[in-house]
Amino acid sequence: MFTLKRTETSTQEIKKSRFVAICAPVPDEQAAKAFLAQHSDPTANHNCWAWRIGQAYRFNDDGEPSGTAGKPILAAIDGQALDHVVVVVTRWFGGILLGSGGLIRAYGGTAALCLRAAEKIEMIETVRATIACDFADLALIKARLLARDVTIASETFTDKGPVMTVDMRKDEADGILAMVTDLSRGRAVISTED
């Protein structure tokens, strides 16, 4: 899955109607709603939109015939394997009716054009773990974690030894935690957050 790096805009004119698509990355539903409120143009005839955040998604035809605007925008998001993304396509009517097929192509095509132009970044699922180890093992464990691109979110020291909170790729977590166990000869206490 991918998400967008930043907001992007694309414009098309189709049979005298002007279509402007604006897409952006969003962390949650509230951010998507705020984006839509900020980027919908009240002077336009239609502000149709869609967003996807994980398994949750919404779309709106904003007065266009049912299924001719919001669904094609969502299909453009899904077609490019995007997540945590919102798209609004604003239409200023030019006087020529496009018909259902024309509307689907216009809204979906403008959204897809905008999304293709946007810079994408891969979304990597991470898992957080807490590692409590002996002082003698700390330097080696830290060096090996950093070599595996593990992020050390926090590090504290107790009377029993150092405790690190780390973030790592979910698909590599088992191997990394086995490595920590081996390096500490089984003395490290590891717990993962679900």
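Residues numbered from 1 in each chain as written. Predicted model: local features only at pLDDT ≥ 70, side-chain atom pairs only at ≥ 80, totals over all residues. Heavy atoms only, no water.

Naming follows an unreviewed UniProt entry, where the protein chain appears as YigZ family protein of Ensifer adhaerens.

Draft legend 1. Quick look at the overall build of the protein chain. Looking only at helices and strands, the protein chain features five helices and eleven strands. Its C-alpha atoms give the protein chain a radius of gyration of 24 Å, clearly above 16 Å, the size a compact globule of 194 residues would have. Once the C-alpha set of the protein chain is aligned to its principal axes, its extents read approximately 75 × 25 × 25 Å. The buried share of the protein chain, taken over its 194 residues, is 41%. The long-range share in the protein chain, meaning contacts at least 24 apart out of those at least 6 apart in sequence, stands at 68%. Carbon and sulfur atoms form 51% of the exposed surface of the protein chain, whose accessible area is close to 10,400 Å². (Helix = DSSP H or I, 4+ residues; strand = E, 2+ residues; numbered from the N terminus. Rg over C-alpha atoms; globule rule 2.2 N^0.38 Å. Buried < 20%, exposed > 50% of the residue type's maximum accessible area, 1.4 Å probe, protein only. Contact = heavy atoms within 4.5 Å. Areas by Shrake-Rupley, 256 points an atom, 1.4 Å probe, with all protein chains shown as cover.)

Draft legend 2. Region of the structure containing the sheet that holds strand β11 (residues 189-192). The four strands lie next to each other as β9-β10-β8-β11, forming an open sheet whose pairing is antiparallel. Each edge of the sheet is formed by a strand with only one pairing partner; in this case those strands are β9 (151-158) and β11. Each neighbouring strand pair of the sheet contributes to a mean axis angle of 20 degrees, computed without reference to strand direction. On the sheet, helix α4 (residues 135-147) packs against β8 (126-132), β9 and β10 (161-169) and is oriented at approximately 15 degrees with respect to β10. (Pairing = 2+ DSSP bridges. Axes fitted to C-alpha atoms, helices over the stretch in contact; angles between N-to-C directions.)

Draft legend 3. Structural detail: the sheet that holds strand β6 (residues 85-92). Taken in spatial order, the five strands line up as β2-β3-β6-β4-β5 in an open sheet, and their pairing is antiparallel. Each edge of the sheet is formed by a strand with only one pairing partner; in this case those strands are β2 (8-14) and β5 (56-60). Across this sheet, the average inter-strand angle for adjacent strands is 15 degrees, counted without regard to direction. The sheet contact formed by strand β4 (residues 46-53) and β5 spans five bridges and is antiparallel. Bridge pairing in β5 places Arg 52 opposite Tyr 57. Against the sheet, helix α3 (residues 99-117) engages β2, β3 (17-25), β4 and β6, with an angle of about 145 degrees to β2.

Draft legend 4. Looking closely at α4. Counted at 1.5 Å a residue, the expected span for α4 with its 13 residues is 18 Å, and the 19 Å between its end C-alpha atoms agrees. Every buried residue of α4 is listed here: Asp 137, Leu 138, Ile 141 and Leu 145. Where α4 ends, the next residue or the one after it, Asp 149, has phi of about 60 degrees, a positive value. (Expected span 1.5 Å × (residues − 1).)

Draft legend 5. Spatial organisation of the nonpolar core. Ranked by size, the top nonpolar core spans 24 residues in total, and within it Ile 73, Val 87, Val 89, Tyr 107 and Leu 115 carry the most contacts. Taken together, the elements giving at least two residues each to this core come down to β3, β4, α2 (70-79), β6 and α3. For this core, the element with the most residues is α3, which contributes seven residues. Once residues within four sequence positions are removed from consideration, Leu 115 is found in contact with Leu 4, Cys 23, Ala 76, Ile 77, Gln 80, Leu 82, Val 85, Val 87 and Lys 120. Leu 138, Ile 141, Ala 173 and Ile 176 belong to the second-largest nonpolar core, a separate cluster that totals 18 residues. (Core = buried A, V, L, I, M, F, W, Y, C linked by side-chain atoms within 4.5 Å.)

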